[in-house]
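Results of the structural survey
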Amino acid sequence: MGENKKQFKREFPRRHVYIPCRLAWQDHRVSGTTVDVSYMGVAVSIPGTEEVRRKEAVIHIAEGIVLRAQPVYVQHRLDSQRAGFKVMHIESGDLEWGKLCYVPQW
């Protein structure tokens, strides 16, 4: 692979998943589905037109994974929203988070 192609690859590749999660802000909570993960980010699908807050959230994922994350984007869909978050801190489940995000390099 040429040097130019390497510079555009992600440092932490995405892994597509389908795992229920809960998002919590100081005064608001919603349920959603984790749709992709990388070590430094997570994308969540939220059903309906539930508002995604534009401030730091705590995301609870299965296996005791709790992430503190900052929203990066919100995409409005017909019957849902997809929100991308940058992981700021892994509050618990760091080993499980590492396993979940692992993408084998062939």
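In what follows, the accompanying structure is described. Fair warning: this is a prediction, and the values are worked out from it, not measured in the lab.

Our focus in this paragraph is a nonpolar patch on the surface. Where nonpolar side chains cluster on the molecular surface, the patch consists of Phe12, Tyr39 and Met40 and spans about 240 Å² of accessible area. Along the polypeptide, Met40 turns up in the loop between strand E2 (28-38) and strand E3 (41-47).

Turning our eyes to something else, we now look at the side chain of Ser38. Mapped onto the fold, Ser38 is located in strand E2. Setting aside its immediate chain neighbours within four residues, Ser38 contacts Phe12, Pro13, Arg14, Trp97 and Cys101.

The next thing to look at is the pattern of salt bridges. Scanning the entire structure with this criterion turns up three salt bridges. For Arg68, the salt bridge goes to Glu56, with nearest N and O atoms at 3.3 Å. Placement of the pair is Arg68 in strand E5 (residues 65-76) and Glu56 in the loop between E3 and strand E4 (57-61), with a sequence separation of twelve residues. Residues joined by salt bridges that share partners form a network here, namely Glu56, Arg68 and Glu91.

Cut-offs used in this document
- Residues numbered from 1 in each chain as written.
- Predicted model: local features only at pLDDT ≥ 70, side-chain atom pairs only at ≥ 80, totals over all residues.
- Heavy atoms only, no water.
- Patch = residues over 30% accessible without salt bridge, like charges linked within 9 Å, V, L, I, M, F, W, Y side chains within 5 Å.
- Areas by Shrake-Rupley, 256 points an atom, 1.4 Å probe, with all protein chains shown as cover.
- Salt bridge = Lys/Arg side-chain N within 4 Å of Asp/Glu carboxyl O.
- Helix = DSSP H or I, 4+ residues; strand = E, 2+ residues; numbered from the N terminus.
- Contact = heavy atoms within 4.5 Å.

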